[in-house]
Structures are given as C-alpha cells and as structure tokens.
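Structural overview for review
Here is what each chain is made of, one letter per residue.
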Amino acid sequence: MGRLCRCFMLAACVSMVACGDSGPQTGVLTVGNSTFGANLDADGYVVTINGGDAKRIALNVGDEWTLAVGVHSVALADIQANCATDEANGASTGPNPQQATISAGSRISAWFAVVCN
C-alpha cells in the first residue's frame, strides 16, 4: 500500500474515533397492566409520561414509547373507582406513578397491577 493510502486510512480512523458514532439517544419503554378482580374497568386506562404524552391502553396489554435518555414519570390514570394500583381497595401493587430510567438503546418496562373489587 502506498504512503498516501496509509495516511488516508489513518486519518479516517482518527476521524471516526474523534467524532464517534454517538448512537441512539433514546430507549424504548413498554408500559402495561395486569388487571384482575371483579367489575373490571372495561375501557382500559390512560398512560401518561411526564404528565403529558397520554395514550389509552386496554386491559392486560402493554404499549411502547420511544423516549429520550433520562428519568421519566409513568402514571396510570382513568382508573374506575372500584379499582386501584396502590393500598386502596386492598391492593398492594406498587407505586403510581413509577419512575423509569431510560439509557441509550435500552428496552425497559413499567408494569401496573390493577385490582378491582
């Protein structure tokens, strides 16, 4: 290989290392629910991310959001009165909202258990 070609290849390698490929600055969050009990909430729930970006999801399913790297608040709302995701109505199913930490290229889940009486 000629000297000019080797210099060009070296320069290209240095350029790739210096600039780098920063890769994705997002990750995927799957939010879902497991609903059980009596008199289930037939119209499903509303998931909100960071107090905005609302989307309705059906009972016992999940949906995906592509989010920026960082910590996000994930809440389940529009829950009928006889159902709960917390200590109310005898449920002990974790916090609502939940915190989800997204890393670049990650795929994580936030799952809510809903108990209806």
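In this report, the structure presented in the accompanying data block is examined.

1. Considering the pairing of strand β3 (residues 52–57)
When strand β2 (residues 45–49) meets β3, the two strands line up antiparallel, connected through four bridges. Residue pairing across strands places I49 opposite G52, the latter belonging to β3. Linking β2 to β3, which pair antiparallel, is a turn of two residues; within it N50 sits at a positive phi near 55°.

2. Some words on the sheet that holds β2
With antiparallel pairing, four strands are arranged side by side in an open sheet as β3-β2-β5-β7. In this open sheet, the two edge strands, each paired with only one partner strand, are β3 and β7 (98–102). On average, each strand axis in the sheet is tilted by 25° relative to the strand beside it, whichever way the strands run.

3. Comments concerning the pairing of strand β1 (residues 26–37)
A regular strand carries its side chains on alternate faces of the sheet. Pairing of β1 with strand β4 (residues 62–68) involves seven bridges; the strand directions are antiparallel. Of the residues in β4, the one forming a bridge with T30 is E64. Relative to strand β8 (residues 107–116), β1 is paired through ten bridges, and the arrangement is parallel. In the strand pairing of β8, L29 is matched with I108.

Rules used in this analysis
Residues numbered from 1 in each chain as written. Predicted model: local features only at pLDDT ≥ 70, side-chain atom pairs only at ≥ 80, totals over all residues. Heavy atoms only, no water. Pairing = 2+ DSSP bridges. Helix = DSSP H or I, 4+ residues; strand = E, 2+ residues; numbered from the N terminus. Axes fitted to C-alpha atoms, helices over the stretch in contact; angles between N-to-C directions.

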